[in-house]
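# Working through the structure, step by step
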Amino acid sequence: MAMGKPNLDIFAETLLSLARSDRDVLVVTSDSRGSGRLSGYAQELPEQIIETGIAEQNVIGISAGLASAGKKVFAVSPACFITARALEQIKNDVCYSDHPVRVVGISAGVSYGALGATHHSLHDIAALRAIHNIMIVVPADSLETREAILAAYAAPYPLYIRLGKAPMPDVYPASEPFRLGTCARIRDGHDVTYVACGETVPVALGAAEALAAQGVSCRVLSMHTVKPLDEQALVSAARETGAVISVEEHSAHGGLGEACATVLLRHGLHVPFDLVAIPDEHLVSGSQNEVFRHYGLSVESLAATAMRLIGGR
Amino acid sequence: METSERTLRLKSVSYREAILRIISQAGAGHTGGDLSAIDILNVLYNRILNVSPQTASDPDRDRFVQSKGHCVEALYAVLADRGFFPSAELDTVCRYGSRLIGHPTRAVPGIEHNTGALGHGLAVAVGMALAGRLDGRSYRVFTLLGDGELDEGSNWEASMAAAHYGLDNLIVIVDRNGLQITGPTEQVNALEPLADKFRSFGYALRQVDGHDIPALVEALASAPFERGKPSLLLAHTVKGKGISFAENQAGWHHRVPSAAELERAWAELAAQRAALEGS
Ligand SMILES: [Mg+2]
């Protein structure tokens, strides 16, 4: 798979083009314009970026006030900080008060690699899934990122958009329309389904391609909207392929995998299932890629997981 | 006493009666803080804010964010009196299914932001003020903070931003009643020298007796206190003000009056009304 741009870069480009033609578009950020690839935006549109300094609670509170007055606000800050230190502001000032702020968590998951747990966000999906009135979007590639930002711009409700910073290959089929709340079937198959989101999607796709060589046919769903979950696509996948593996760059607790498991059980679909995520432990140190490999978020390991699940067939 | 002052002071008596009625029927409420804040709310809604039920969604309306959300009974009493919702609805506060819950929410006409957790209102008010500046609108943003909630660091983050952006369309009012739930603020987590702290954070500051109606009107009408700076009105108040046995008692933070206490309160408020009518 040829590498494209990081999703973070696509986010910044898309936002800049929106902001050029709509003065109500605002970025609020916590000394993170560089990390958010927004230095160019800030130079071109200095009136449309509000800096709070290193103060994430302030980012969200101020964003809520701006949104209440009709501004189209993108609150941009590292995912690890904005969804933990400012969680109460997201819960109360954005979600509960229903001010449509787009919270953009940058360098999410283990993007910061060896910088340690302070900089990892492996809790964010779980925390926000339990808060009413916020959509959770985890784009995989350039197309999903661009479309998610465009949709978020038009959406009159709160969203959390979770972005990584590694270069991503294009995985989204150009023929398939993008809609928030509806997952993308990026590869069809009938033996097993990978349900992945964000930067793990290419890994799942790689496993599907590797298994094809062994005669195993895998479906791959890019579940870019983790909340609300596209239950119908998941249920169909379980019925049609008979086995499901969830794949995510998040704690095994409370993320995509548990969301999928709940849906399957509630529909009485007791299919072979495994949940591949970051386990509940003190993380091994290393780059994002090394951490992925360590915890089975690799092509080889995902392929082996699939073979184990469907071994009897 | 001028007619307009007498009118407002009579309103304060009525509001205090309404607060006690709400709290006794709901069986819950924040009596002490309601009574310390009510004269400020009275002046805001009857003399200062250019907002009414008819202009509640006008983009040019003044905004008010009550950061000390627990004193919602005071806000409900004033909003009902101003016609944002029927006064009869005050009987439903905290009842099953009522939109009038124990903290402010946007489900209630006239309320701009949901509060309840402390230390949230100021940052939101900063955002509203920034939006007004960006849009070239002339509205002002008022927010009312308790003194206890100043323990929350988020207030100081927001204060830095207010000064950094020179938001002279922002007026922060602090209900300085000196008490929080556990006891005196100076014993719980000392705030003093509070005025110096606010000045050093970049506010233009004025101090006022938060129960002196003409002084409140004069101070709030004079905002911004200084061009290019956010205004801070440090309103020195008495927790439980107007009900002698509740005044300055930390225990009245969220105490519900007994039947006997209510009788005494009605008598005291009736005497205050009679004195005003005779003046
Ligand atoms: Mg107090």
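Residues numbered from 1 in each chain as written. Chains lettered and ligands numbered in written order. Predicted model: local features only at pLDDT ≥ 70, side-chain atom pairs only at ≥ 80, totals over all residues. Heavy atoms only, no water.

## Some remarks on the overall build of chain B
Looking only at helices and strands, chain B has nine helices and seven strands in total. Compactness check: chain B gives a C-alpha radius of gyration of 18 Å against a globular reference of 19 Å for 279 residues, within 12% of the reference. Overall, chain B is about 50 × 45 × 45 Å in size when its C-alpha atoms are taken along their principal axes. Within the span of chain B, comprising 279 residues, buried residues form 57% of the whole. With 27 positive and 33 negative side-chain charges, chain B shows a separation of 3 Å between the mean positions of the two kinds. (Helix = DSSP H or I, 4+ residues; strand = E, 2+ residues; numbered from the N terminus. Rg over C-alpha atoms; globule rule 2.2 N^0.38 Å. Buried < 20%, exposed > 50% of the residue type's maximum accessible area, 1.4 Å probe, protein only. Lys, Arg positive; Asp, Glu negative; His and termini not counted. Charge placed at Lys NZ, Arg CZ, Asp CG, Glu CD.)

## Quick look at the nonpolar core
Note that soluble globular proteins tend to have their nonpolar side chains buried in a common cluster. Ile60, Leu66 and Leu234 of chain A together with Val126, Leu170 and Phe198 of chain B are the most contacted members of the largest nonpolar core, which totals 78 residues. For this core, the leading source of residues is helix α4 (residues 121-134) of chain B, giving nine residues. Per-domain counts for this core show at least three residues from each of domain 1 (3-169) and domain 2 (184-310) of chain A. Those residues within four positions of Ile60 of chain A in sequence are excluded, and the remaining contacts are Ala75, Ile82, Ala86, Gln89, Ile90, Val94 and Val103 of chain A. Core analysis: the next-biggest nonpolar cluster, separate from the first, contains 64 residues, Tyr41, Val76, Val104 and Val110 of chain A among them. (Core = buried A, V, L, I, M, F, W, Y, C linked by side-chain atoms within 4.5 Å. Domains from an automatic or database assignment. Contact = heavy atoms within 4.5 Å.)

## Things to note about the interface of chain B and chain A
Every contact between the two is made by 25 residues of chain B and, on the other side, 26 residues of chain A. Together chain B and chain A conceal approximately 2000 Å² of surface at their shared face, both sides included; 51% is due to carbon and sulfur atoms. The largest share of the area that chain B buries against chain A comes from His120, Leu134 and Glu157 of chain B, three residues that together contribute 28% of it. Lys71 of chain A is the salt-bridge partner of Asp135 of chain B, the closest N and O atoms lying 2.5 Å from each other. Put simply, chain B and chain A have twelve residue pairs in polar contact (both at pLDDT 80 or more) between them. Going through the elements one at a time, α4 and α5 (154-164) of chain B are the ones with two or more residues in the side of chain B that touches chain A. The greatest single-element share of the side of chain B that touches chain A, amounting to eight residues, is contributed by α4 of chain B. (Buried area = accessible area lost by both parts, 1.4 Å probe. Salt bridge = Lys/Arg side-chain N within 4 Å of Asp/Glu carboxyl O. Polar contact = N/O pair within 3.5 Å; in protein donor to acceptor, adjacent residues only side chain to side chain.)

## Focus: the packing of helix α1 (residues 3-26) of chain B against helix α8 (residues 213-221) of chain B
All names here are of chain B. Where α1 meets α8, the closest approach of the two axes is 10 Å, and the angle between their N-to-C directions is 105°. Taken as axis vectors, α1 and α8 run roughly perpendicular relative to one another. Across from Glu5, Leu8, Arg9 and Ser12 in α1, the residues of α8 making contact are Ile213, Pro214 and Val217. Of the residues assigned to the contact of α1 with α8, the class counts are four nonpolar, one polar and two charged. (Axes fitted to C-alpha atoms, helices over the stretch in contact; angles between N-to-C directions. Parallel < 35°, antiparallel > 145°, perpendicular 65-115°, else oblique. Nonpolar A, V, L, I, M, F, W, Y, C, P; charged D, E, K, R; others polar.)

## Things to note about the sheet that holds strand β14 (residues 273-278) of chain A
Residue and element names in this part refer to chain A. The five strands are arranged β9-β11-β10-β13-β14 in an open sheet whose pairing can be described as mixed. Edge positions in the sheet fall to β9 (184-187) and β14, since each of these pairs with one other strand and no more. Shown here is a sheet whose adjacent strand axes are inclined to one another by a mean of 25°, direction ignored. Taken together, the four bridges between strand β10 (residues 192-196) and strand β13 (residues 244-251) define a ladder with parallel strand orientation. Counterpart to Val195 in the pairing with β13 is Ser246. (Pairing = 2+ DSSP bridges.)

## So, the domain arrangement of chain A
By a widespread convention, an interface's size corresponds to the accessible area lost as its parts come together. Residues and elements named next belong to chain A. Entries for chain A in the domain assignment read domain 1 (3-169) and domain 2 (184-310). Between domain 1 and domain 2, the C-alpha centre-to-centre distance is 25 Å. Taken together, the contact pairs 32 residues of domain 1 with 27 residues of domain 2. Summing the contributions of domain 1 and of domain 2, the shared interface buries around 2100 Å²; its carbon and sulfur component is 60%. In terms of surface lost to domain 2, no three residues of domain 1 exceed Val110, Leu122 and Arg129, which account for 29% of the buried area on that side. Seen at the junction of domain 1 and domain 2, the total is zero salt bridges. Taken together, domain 1 and domain 2 are joined by 18 residue pairs in polar contact (both at pLDDT 80 or more). Those elements that provide at least two residues to the side of domain 1 that touches domain 2 are α6 (124-129), β6 (135-137) and β8 (167-169). A per-element tally of the side of domain 1 that touches domain 2 places α6 first, with five residues.

## Looking at the side chain of Asp22 of chain A
Within the fold, Asp22 of chain A resides in the loop between α1 (7-21) and β2 (25-29). Each residue touching Asp22 of chain A, except ones within four places of it in the same chain, is listed here: Gln48, Lys72 and Tyr153 of chain A.

## Section: the sheet that holds strand β7 (residues 159-162) of chain A
Residue and element names in this part refer to chain A. A sheet is described by the order of its strands in space; here seven strands give the open sequence β3-β2-β4-β5-β7-β6-β12, paired in mixed fashion. What marks the edges here is a single partner per strand, and that holds for β3 (49-51) and β12 (225-227). Strand-to-strand twist in this sheet, taken as the mean axis angle between neighbours without regard to direction, amounts to 20°. Looking at chain direction, β2 and strand β4 (residues 72-78) are connected through five bridges and run parallel. Within β4, the residue paired with Leu26 across the bridge is Val73. Most of the contacts of helix α7 (residues 142-154) go to β4, to which it runs at about 135°, and overall it touches β2, β4, β5 (102-106), β6 and β7.

## As for the pattern of salt bridges
Residues and elements named next belong to chain A. Here the structure, examined in full by the defined rule, presents 30 salt bridges over all chains. Residues Arg219 and Glu240 are paired through a salt bridge, measuring 2.7 Å at the closest nitrogen-oxygen approach. Pair noted here: Arg219 is in strand β11 (residues 218-222) and Glu240 is in helix α9 (residues 231-241), with a separation of 21 residues, a long-range link. On the basis of relative accessibility, which here comes to 44%, the residue Glu240 falls in the partly exposed class. Each member of the salt-bridge network shares a partner with another, and the members are Arg185, Asp188, Arg219 and Glu240.

## Describing the coordination of the magnesium ion
Six octahedrally arranged donors around a metal ideally form angles of 90 or 180 degrees; four tetrahedrally arranged donors ideally form angles of 109.5 degrees. All names here are of chain B. All of the protein donors around the magnesium ion are Asp147 (OD), Asn177 (OD1) and Leu179 (O); their distances to the metal are 2.1 to 2.2 Å. Within one chain, the residues serving as donors to the magnesium ion are arranged as D-x29-N-x1-L. Here the residue Asp147 occupies a position in the loop between β2 (141-146) and α5, and Asn177 occupies one in the loop between β3 (170-176) and β4 (179-180), the gap between them amounting to 30 residues. (Donors = N, O, S within 2.8 Å, 3.2 Å for Na, K, Ca; no water.)

## Some remarks on the environment of Ser222 of chain A
Residues and elements named next belong to chain A. Among the structural elements, Ser222 can be located in strand β11. Using a relative accessible area of 0% as the deciding quantity, one classes Ser222 as buried. Put simply, Ser222 and Arg185 are 37 residues apart on the chain and 6.4 Å apart in space, counted from C-alpha to C-alpha. Dropping the residues within four chain positions of it, Ser222 is found in contact with Ala140, Glu144, Cys183, Ala184, Ile186, Ala196 and Val201.

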